[in-house]
Amino acid sequence: MSDPRPCLFSDDQVNVELLRQRAYNGRWAMQPAGVIPLTAADPDFPVAPEIRAAITDYVAGGYLSYGSPEGLPEFREIMAATIGSRKRIPVSPGLILPTNSAAAAMFLVARYALAPGDEAILFDPVDFLFGAAVDAAGGRRVYSPVDKAQGQFDLDGLAALITPRTRLLCLCNPHNPLGRVLRQDELAALGELAVEHDLTIMSDEIWSDVVYPPHEHTSIASLDAGIAARTISIYGLSKSHGLAGLRVGFLAAPDPKTFDALVDLSRVQTTAEGVSTLSQVAAVVAYRDCWYWVDALLQHLTAVRDYAVARLNAMPGVRCTSPEGTYVLFPDVTGTGMSSAQAASYLLEEAHVAVVPGLPRWFGPGAEGNIRLCFSTSMGIVRTALDRMEQALARRNSQ
Ligand SMILES: Cc1ncc(COP(=O)(O)O)c(C=O)c1O
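The structure displayed is predicted, hence computed values, not measured ones.

Rules of the game
Throughout, residues of each chain are indexed from 1 in the direction in which the sequence is written. Per-residue local features of the predicted model are confined to residues with pLDDT of at least 70, and side-chain atom pairs are confined, for both listing and counting, to 80 or more; whole-chain, interface and lining totals are unaffected and use all residues. Processing note: side-chain calculations cover all non-hydrogen atoms of the structure and skip hydrogens and water entirely. Stacked, tilted and edge-to-face are the three classes applied to pairs of Phe, Tyr and Trp rings, where Trp contributes its six-membered ring and a pair requires centres within 6.5 Å; stacked means planes under 30 degrees apart, edge-to-face means over 60, and tilted covers the rest. Helix numbering and strand numbering both begin at the N terminus, where a helix is a DSSP run of H or I of at least 4 residues and a strand a DSSP run of E of at least 2. Any residue under 20% of the maximum accessible area for its type is buried, any over 50% is exposed, and the rest in between are partly exposed; the area is computed with a 1.4 Å probe on protein chains only. The criterion is that NZ of a Lys, or CZ of an Arg, lies within 6 Å of the ring centre and within 35 degrees of the ring normal, and then a charge sits over that ring. Each nonpolar core is a collection of buried residues, namely Ala, Val, Leu, Ile, Met, Phe, Trp, Tyr and Cys, held together in the definition by side-chain atoms within 4.5 Å. When DSSP finds two or more bridges between a pair of strands, those strands are recorded as paired. Here a residue-residue contact requires only that any non-hydrogen atoms of the pair lie within 4.5 Å. In this analysis, axes come from line fits to C-alpha atoms, helices being fitted only over the stretch in contact, and the angle between any two N-to-C directions falls in the range 0 to 180 degrees. If an angle is under 35 degrees, it is roughly parallel; if it is over 145, roughly antiparallel; if it lies from 65 to 115, roughly perpendicular; otherwise it is oblique. When residues are grouped by polarity, Ala, Val, Leu, Ile, Met, Phe, Trp, Tyr, Cys and Pro land in nonpolar, Asp, Glu, Lys and Arg in charged, and all others, Gly among them, in polar. A 3.5 Å cut-off defines polar contacts: any pair of N or O atoms within that distance qualifies, except that in protein one atom must be a possible hydrogen donor and the other a possible acceptor, and neighbouring residues in sequence count only when both atoms are side-chain atoms. Note on definitions. A residue lies near a molecule or strand when any single heavy atom of the residue is within 4 Å of it. Surface exposure here means Shrake-Rupley accessible area, sampled with a 1.4 Å probe, where a residue is shielded only by the protein chains that are shown. In the sections that follow, a salt bridge refers to a side-chain nitrogen of Lys or Arg positioned within 4 Å of a carboxyl oxygen of Asp or Glu.

### Things to note about the packing of aromatic side chains
Aromatic ring pairs are described here by two measures, namely the spacing of the ring centres and the angle between the planes.
Next up, step 1: The final tally for this structure, using the stated rule, is ten aromatic pairs.
Next up, step 2: With 4.7 Å between their ring centres and 85° between their planes, W207 and Y327 make a pair best called edge-to-face. Of the two residues, W207 sits in the loop between β7 (200–204) and α8 (225–228) while Y327 sits in the loop between α11 (291–313) and β10 (328–329), which places them 120 residues apart along the sequence.
Next up, step 3: Of the residues examined, W207 reaches a relative accessible area of 2% and is grouped as buried.
Next up, step 4: Across from the ring centre of Y307, 5.9 Å away, lies the NZ or CZ of R383, which sits over that ring.
Next up, step 5: Seen from the ring of Y346, R396 lies directly overhead, with NZ or CZ sitting 5.7 Å from the centre.

The following block contains the structure:
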């Protein structure tokens, strides 16, 4: 029997006209007409129908009252249960705090862990939000370089960076922009270092539901009680469920004392901060009813990833590894003779494709030589973007 559901991720599901009105953050609404924005990473597909219905039903009830400062009970319950079953972190609902996005949780955890002048270790390259969160807390960034070609984390080198001022270890797992899923032995070694040097671990796992088999995500807090006791795990719904505009994420604290300190810092009890109840309602339904949608998205993304990686590797001067998780590609473009910034400008002008250049402000000093492309759109759009890039690079080579 054929599947009666419409194909959720076919080319005709991407409504470019509406995206041009609504998708900001470097994407459709911020680019000139005709430019394909493979920039910020969120899906170009409409969210699951259950989420749309839940928002509509809640609004139809007519009351949009204050929510609970520490989050709606149903939000905290479903998040705790899901983190327990999917990430194997046994956490009670009382340790879950909704935040205005994963980004907001990162800034909060940095403020919790760092006094001005304290040091935080982050990988290089890594998404700019880590550095921004450390800066905002008055901390000092200390970069641990990653071998980009091999995706190798230098754990001995990282240990040597720890000083008496080090307070925070920032993990991005799966890793944006390298697409790497951290191995269990790497996590265990990092966890041991944190225990030995009494560091807080910020484990940003916003990408943990976008992992391609046979790879599997491991949460560092699931490894053992000593590591879990110093880990604050961060999740979001922008990547897995397409809820970026609702600004909703959450963190899981290790114990009530840490939770209370985070709540104090977050200002939710003053009502100056706090996640919109509508966003929490959407997130509850996403985590309760919409994993089928995430599974289907992942199937679609697998095909797009394989296609895009093969196409990029066939382009002159471009080398691209296949991500184990995330929906970003981070090809090395040094073989084209252009810097990251030059390559991004050239592709924008000559191919009408917007990508993120590997500049220090986006990914740290180690990103030079690479560009980042997001592929969570239709196969048709990715094909057109790659055709244009290939033609533009070929033109440049024949000049
Ligand atoms: C590693 C990482 N953390 C956090 C975020 C931001 O997520 P949110 O939209 O929930 O703030 C991103 C978005 O690109 C990301 O890649």
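### Things to note about the nonpolar core
Next up, step 1: Counting residues in each nonpolar core, the largest one holds 108 residues, and the members touching the most others are I51, F75, M202, L251, Y327 and M389.
Next up, step 2: With ten residues, α11 is the single largest residue contributor to this core.
Next up, step 3: Core analysis: the second largest hydrophobic core is formed by 23 residues, I121, L171, A194 and V356 among them.

### A short note on the sheet that holds β7
Next up, step 1: Taken together, eight strands build an open sheet; the order of strands is β2-β9-β8-β7-β6-β3-β4-β5 and the sheet is mixed. The strands lining the two open edges of the sheet, one partner per strand, are β2 (96–99) and β5 (152–153).
Next up, step 2: Pairing of β2 with strand β9 (residues 249–252), which is carried by four bridges, proceeds in the antiparallel orientation. The residue bridging T99 from the neighbouring strand is G249, located in β9.
Next up, step 3: Against the sheet, helix α4 (residues 102–113) makes contact with β2, β6 (166–172), β7, β8 (231–236) and β9, and its axis sits at roughly 165° relative to β8, the strand it touches most.

### Structural notes on the packing of α11 against helix α14 (residues 379–397)
When two helices pack together, their arrangement is given by the angle between the helix axes and the distance between those axes.
Next up, step 1: It is the contact of α11 with α14, at a shortest axis distance of 10 Å, that shows an interaxial angle of 10°. Comparing their axes, α14 and α11 come out roughly parallel. Contacts between α11 and α14 involve H300, A303, V304, Y307, A308, R311 and L312 from the former and M379, V382, R383, L386, D387, M389 and E390 from the latter.
Next up, step 2: Residue composition of the contact of α11 with α14, by class: nine nonpolar, one polar and four charged.

### Examining the environment of A53
Next up, step 1: Assignment of secondary structure puts A53 in helix α2 (residues 49–60).
Next up, step 2: Taking the relative accessible area as the measure of exposure, A53 reaches 36% and is therefore partly exposed.

### Side note on unusual backbone geometry
Note on backbone geometry: most residues besides glycine have negative phi, and most peptide bonds are trans.
Next up, step 1: With an omega of 15°, the peptide bond between N176 and P177 qualifies as cis.
Next up, step 2: Topologically, P177 is positioned in the loop between β6 and α7 (184–197).
Next up, step 3: Non-glycine residue R267 carries a positive phi angle of around 65°.
Next up, step 4: As for its placement among the helices and strands, R267 is situated in the loop between α9 (256–266) and α10 (277–289).
Next up, step 5: Although it is not a glycine, T271 adopts a positive phi angle of roughly 70°.
Next up, step 6: The topology assignment puts T271 in the loop between α9 and α10.
Next up, step 7: According to the relative accessible area criterion, T271 is exposed, its value standing at 55%.

### Here we look at the sheet that holds strand β13 (residues 371–374)
Next up, step 1: In spatial order, the strands read β10-β13-β12; together these three strands make up an open sheet with antiparallel pairing. Among the strands making up the open sheet, the edge pair consists of β10 and β12 (356–357).
Next up, step 2: As paired elements, β10 and β13 share two bridges and run antiparallel to each other. Bridging from a neighbouring strand, L329 pairs with L373 of β13.

### Looking at the side chain of T166
Next up, step 1: With respect to the helices and strands, T166 occurs in strand β6.
Next up, step 2: Side-chain polar atoms of T166 contact the backbone nitrogen of T163, separated by 2.8 Å.
Next up, step 3: Beyond its immediate chain neighbours, meaning those up to four positions away, T166 contacts E119, I121, L161 and L199.

### Let's talk about the site of the ligand
Next up, step 1: The ligand sits among 14 residues. The nearest are A102, N176, D204, S238 and K239.
Next up, step 2: Within the contact set of the ligand, an oxygen atom lies 3.0 Å away from a backbone nitrogen or oxygen of A103.
Next up, step 3: Separating an oxygen atom of the ligand from a side-chain N or O atom of N176 is a distance of 2.7 Å.
Next up, step 4: In isolation the ligand has 400 Å² of accessible area, and contact with the protein removes 92% of it.
Next up, step 5: The greatest single-element share of the shell around the ligand, amounting to three residues, is contributed by α4.
Next up, step 6: Broken down by class, the residue content of the shell around the ligand amounts to seven nonpolar, three polar and four charged.

### Remarks on the pattern of salt bridges
Next up, step 1: Counting across every chain of the model gives 17 salt bridges.
Next up, step 2: We note a salt bridge from R230 to D198, for which the minimum N-O separation is 3.1 Å. Here R230, found in the loop between α8 and β8, pairs with D198, found in the loop between α7 and β7; they are 32 residues apart in sequence, far enough to count as distant.
Next up, step 3: Among the residues examined, R230 registers a relative accessible area of 18% and is labelled buried.
Next up, step 4: The shortest N-O distance in the salt bridge between R311 and D387 comes to 2.8 Å.

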